[in-house]
Amino acid sequence: MDFKKDYLDLILVPSGLLIMFGYHLFLLYRYLNLPHTTVMGFDNNDKRAWVERIMQADKRDASIALAVIASNTSAATFLATVSLTLSSLIGAWLGNSSNNIFQSELVYGDTSSSTISIKYISLLTCFLLAFSCFVQSARHFVHANYLISTPDSDIPVKNVELAVIRGGDFWSLGLRALYFALDLLLWFFGPIPMFVSSVIMVIILHYLDTNSTPLHRYRPPESQMIKRVGEILSEVVVDIEEHLVK
């Protein structure tokens, strides 16, 4: 019985992590090749349209865009602070060499000191990764703030789109790191809760990440429509003049 209890972590924990990593690799493939089937791709389509409207709008409407960017920056900063705080607590707890409740007989699995240390280090790594992603997200949102608020600028719309979308991508990566941290947190209560949570989490994430709504085809801004109409009329006038000359 002791043999099965000690080596249960070697079977269920890698299996649970393999399920999580396999799902996210599949999600990454869909995001890169079939973005319309994912919620992140659906959101990016709306973000591109939002950036185009903001860059074509009057400067008095830029305050709304700056408020939206500021709210995203505040949310990323808050989650970065939470991740760093939890990392500090785990580091302090890891430095305490005294026994804890996770080494009791109530935990069905390997409760040796080395395994407990691996659990703490894995959880700490996830929180530090989440902190780094949220900091990068805030950095890109701040950069987008500068681009939008630049007076009388001729900054390409693609540059602003890139900053906003990258900020959202790092935000998503930070959330994924927190999902893994939650999965590893349940490992402290044994490999069975960790494996069950991995399966349940993948099912829930698949439901939340899948998009079945068709992408909305946003009309170009009115200024671009007028410009396009002018170009068409100019081409028609040139054709008429050439026809008359002939």
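Residues numbered from 1 in each chain as written. Predicted model: local features only at pLDDT ≥ 70, side-chain atom pairs only at ≥ 80, totals over all residues. Heavy atoms only, no water.

- Looking at an unreviewed UniProt entry, the protein chain carries the name DUF599 domain-containing protein, with the source organism given as Manihot esculenta.

Considerations on the pattern of salt bridges
Logical step 1: A complete count under the given rule lists 2 salt bridges for this structure.
Logical step 2: Here E161 makes a salt bridge to K158, at a shortest N to O gap of 3.8 Å. Here E161 pairs with K158, and both are found in helix 6 (residues 157-187), just 3 residues apart, close to one helical turn.
Logical step 3: Between D209 and R176 there is a salt bridge, with the nearest N and O atoms lying 2.8 Å from each other. Of this pair, D209 sits in helix 7 (residues 191-209) while R176 is found in helix 6, placing the two residues 33 residues apart along the sequence.
Logical step 4: Residue classification places R176 among the buried residues on the basis of a relative accessible area of 13%. (Salt bridge = Lys/Arg side-chain N within 4 Å of Asp/Glu carboxyl O. Helix = DSSP H or I, 4+ residues; strand = E, 2+ residues; numbered from the N terminus. Buried < 20%, exposed > 50% of the residue type's maximum accessible area, 1.4 Å probe, protein only.)

A few points about helix 3 (residues 39-56)
Logical step 1: Look at helix 3: 26 Å from first C-alpha to last across 18 residues, which is about the 26 Å you get at 1.5 Å a residue.
Logical step 2: Residues of helix 3 that are buried include every one of M40, G41, N44, N45, A49, V51 and I54, and no others. (Expected span 1.5 Å × (residues − 1).)

Regarding a nonpolar patch on the surface
Logical step 1: On the surface, a nonpolar cluster with roughly 600 Å² of combined accessible area is contributed by I192, V196, I200, I204, Y207 and L208.
Logical step 2: Tracing the chain through its elements places I204 in helix 7. (Patch = residues over 30% accessible without salt bridge, like charges linked within 9 Å, V, L, I, M, F, W, Y side chains within 5 Å. Areas by Shrake-Rupley, 256 points an atom, 1.4 Å probe, with all protein chains shown as cover.)

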